[in-house]
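A structural walkthrough
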2 protein chains.
Amino acid sequence: MTDRAAATAEAILAAARTAFGESGYDRATIRGIAAAAGVDPALVHHYFGTKADLYARAIALPVSPSEVIATVFTGDRSGLGERLTRFFFGVWERPEGREPFLAMLRGAFGGNERGTAGFRQFVVHGMLAPVAAEVGGDDAPIRVELALAHLVGIAVLRYVVAVEPVATLPVDELVRRLAPHIQRHLAG
Amino acid sequence: MTDRAAATAEAILAAARTAFGESGYDRATIRGIAAAAGVDPALVHHYFGTKADLYARAIALPVSPSEVIATVFTGDRSGLGERLTRFFFGVWERPEGREPFLAMLRGAFGGNERGTAGFRQFVVHGMLAPVAAEVGGDDAPIRVELALAHLVGIAVLRYVVAVEPVATLPVDELVRRLAPHIQRHLAG
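Everything in this summary refers to the structure shown in the same document. Sequence order as written defines residue numbering, which begins from 1 separately in each chain. Labels follow written order: the first chain is A, the first ligand is 1, and so on. Only residues with pLDDT of at least 70 get local features here, since the model is predicted, and only at 80 or more are side-chain atom pairs given and counted; chain-wide, interface and lining totals rely on the full set of residues. Neither water nor hydrogens contribute to the side-chain values; these are computed over all heavy atoms in the structure.

1. Re the interface of chain A and chain B
To be explicit about the condition: The criterion used for residue contact is that any of the two residues' heavy atoms lie within 4.5 Å. In short, buried area is how much 1.4 Å probe accessible area vanishes from two parts on joining, totalled over both. Salt bridge, as applied in this entry: a Lys or Arg side-chain nitrogen positioned within 4 Å of an Asp or Glu carboxyl oxygen. In protein, a polar contact means a hydrogen-donor-capable atom and an acceptor-capable atom, both N or O and within 3.5 Å, with residues adjacent in sequence counting only if both atoms are side-chain atoms; elsewhere, any N or O pair within 3.5 Å suffices. Strands are runs of DSSP state E lasting at least 2 residues, helices are runs of H or I lasting at least 4, and numbering of each runs from the N terminus.
If you look at the interface, chain A gives 39 residues, while chain B gives 39 residues. With both sides pooled, the region where chain A packs onto chain B buries about 3500 Å², and carbon together with sulfur makes up 74% of that total. Together, Phe109, Glu145 and Arg177 of chain A form the three largest contributors to the area buried by chain A at its contact with chain B, with a combined 21%. The interface formed by chain A and chain B holds 2 salt bridges in total. Here aspartate 139 of chain A makes a salt bridge to arginine 177 of chain B, at a shortest N to O gap of 3.0 Å. Linking chain A to chain B there are 15 residue pairs in polar contact (both at pLDDT 80 or more). Listed by contribution, the elements that provide at least two residues to the side of chain A that touches chain B are α7 (95-109), α8 (113-135), α9 (140-160) and α10 (171-187) of chain A.

The following block contains the structure:
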């Protein structure tokens, strides 16, 4: 990336942080963010992908929603559960991977309703909805959230409260035990 | 309960809070707590049940571990998942039922390692171990914790982050969707 391109990307990210912070995820728009950064909306998409991807970058998440979708939904439908479970631990096993998510949960537990509302909108419309659209079926939003809930619960007991034996179980064993459950939730 | 019995129970609870706070769940003993309260250990059991039950009362949990075991393990083994899931929501649906658990999770997220260590010991040795003993099998401790993790994850998304659609799903539908997963974890 040239210096000029890097400066443009930085300006877009700064505008995105302001917009998401002031308007929340749902009401902020790529068009408005582009205008605030003085660039064309197409350039925002070019640099950052979807609105969900831009939000993820703005709050320093270690993964982009588009990357999750591409990884999990490439391949056999029978492997959905294993791919999502493996991807989840690939992120959470690294301290710098899990920290942004932990920060959001910490805020929610601490009653930071403003920060939580923005993150909740992102989770519902930026993460769960696109996954549910790929999964398909009327109750896909419920099933996808139940799958996420299972992984979140493991994360809380393993990384936050550190309850044995799950706290130190090898990732391969966690994946082996959890993948069938995630698969059943997703595949209905 | 007579005034005198109530005063004795209060003295035991006060001694228990001190002992659990100073020594943690694992190292505190019924014998030591009884001595500090100036009563016979048998009286502690008579008033409060097991050490796990006494700990639960001392930190104002709305349920006693013995009550959980009795409820979940009375009846057909094929109904374990449904009974545990229903019992869980019976406690968590009431704000005063979930608050003590939320306070513990809030402390864990906030880095209160001292409070978390005591609670972790209670969860592992006072809750998971007796359930695992009933469930049976070498890997029962893992399976019971995975079942708990699923329920904890639902609780975080439903009651703390309030992510739809799970945040407002009727309890009966939650139980219907989750019980088979909890059953598979428990029954192996």
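2. Side note on the side chain of arginine 120 of chain A
The line we're drawing: The cut-offs for exposure are 20% and 50% of the maximum accessible area for each residue type, with area from a 1.4 Å probe on protein chains only; residues under the lower value are buried, those over the upper are exposed, and the others partly exposed.
Looking at where arginine 120 of chain A falls in the secondary structure, it is placed in helix α8. Overall, arginine 120 of chain A belongs to the buried group, its relative accessible area being 17%. Separated by 3.4 Å, the side chains of arginine 120 of chain A and glutamate 113 of chain A make a polar contact. Here the side chain of arginine 120 of chain A touches alanine 162 of chain B through a polar contact of 3.2 Å, landing on its backbone oxygen.

3. Some remarks on helix α9 (residues 140-160) of chain B
Residue and element names in this part refer to chain B. Spelled out, the test is: One less than the residue count of a helix, multiplied by 1.5 Å, gives the span that helix is expected to have.
If you check α9, its first and last C-alpha atoms are 29 Å apart, about what 21 residues at 1.5 Å a residue would give, namely 30 Å. In terms of burial, α9 is a largely internal element, 19 of the 21 residues being buried. One or two steps after α9, the chain reaches alanine 162, where phi turns positive at roughly 55°.

4. Quick notes on helix α4 (residues 51-58) of chain B
All names here are of chain B. Burial runs high along α4: 6 of the 8 residues are buried. Those residues of α4 that sit buried are Ala52, Asp53, Leu54, Tyr55, Ala56 and Ala58. Residues of α4 that are buried sit in contact with α1 (3-27), α2 (30-37), α3 (41-48), α5 (65-72) and α8 (113-135). Following α4 by one or two positions, alanine 60 has its phi on the positive side, about 65°.

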